[in-house]
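# Overview (structure and organization)
The primary structure of each chain is shown beneath.
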Amino acid sequence: MPSLSAKDWASGFTERLHAYPGLQHLRVRVRADTLILESGPVDDAFAHARMRRLSATLWTLEMPSRSGRWDPTGIRDTVDKVVVTLAEQIGWTLEPSHG
């Protein structure tokens with residue numbers, strides 16, 4: 001049985017995030033095997049975080065750096081557990097950007 005692509009995971013990831021109060025402003029953009037969590041206007045989006053797929057069920061969380069690159073966080077787990085960690089432990093990184 002073929003494994004799901006990042007695109008297949010995107011809607012479920014969005015639903016899991018939107019289950020948390022105050023995170024409805026977020027959307028997920030798919031790029032290759034990554035899910036990029038962003039908000040703001042589509043033509044000038046602010047990237048909050050991204051999940052990169054490592055295997056069929058393992059994902060790693062990366063955060064944007066000041067230089068515009070992605071830094072690893074050391075968080076590697078299933079989609080569900082990464083969402084919980086992101087929303088409950090470092091949720092301040094998901095606040096709306098005001099410029």
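Residues numbered from 1 in each chain as written. Predicted model: local features only at pLDDT ≥ 70, side-chain atom pairs only at ≥ 80, totals over all residues. Heavy atoms only, no water.

## Quick notes on the pairing of strand 4 (residues 59-64)
Counting buried positions along strand 4 gives five out of six residues, so the element sits mostly inside the fold. Pairing analysis gives four bridges linking strand 3 (residues 46-53) to strand 4, with the strands arranged antiparallel. Note on strand 4: the bridge partner recorded for arginine 52 is threonine 60. Linking strand 3 back to strand 4 in an antiparallel pair, the connection comprises five residues. Across five bridges, strand 4 lies against strand 5 (residues 70-77) in antiparallel orientation. Residue pairing for strand 5: methionine 63 is matched across the bridge by aspartate 71. From the end of strand 4 to the start of strand 5, which pair antiparallel, there are five residues, and glycine 68 there has a positive phi angle of about 90°. (Buried < 20%, exposed > 50% of the residue type's maximum accessible area, 1.4 Å probe, protein only. Helix = DSSP H or I, 4+ residues; strand = E, 2+ residues; numbered from the N terminus. Pairing = 2+ DSSP bridges.)

## A look at the nonpolar core
Counting residues in hydrophobic clusters, the biggest one holds 20 residues, and the most contacted among them are Phe13, Leu35, Leu37, Met51, Leu61 and Val79. Elements with a contribution of two residues or more to this core: helix 1 (6-18), strand 2 (34-39), strand 3, strand 4 and helix 2 (79-89). Excluding residues that lie within four positions of it along the chain, leucine 37 makes contacts with Phe13, Leu17, Leu26, Arg27, Val28, Phe46, Ala47, His48, Ala49, Leu86 and Leu94. (Core = buried A, V, L, I, M, F, W, Y, C linked by side-chain atoms within 4.5 Å. Contact = heavy atoms within 4.5 Å.)

## Structural notes on the side chain of histidine 48
On the secondary structure map, histidine 48 appears in strand 3. In this structure histidine 48 comes out as buried when scored by relative accessible area, which is 2%. Of the polar contacts made by the side chain of histidine 48, one reaches the backbone oxygen of threonine 93; its length is 3.0 Å. The residues contacting histidine 48, other than those within four sequence positions of it, are His25, Leu26, Leu37, Glu38, Ser39, Met63, Pro64, Thr93, Leu94, Glu95 and Ser97. (Polar contact = N/O pair within 3.5 Å; in protein donor to acceptor, adjacent residues only side chain to side chain.)

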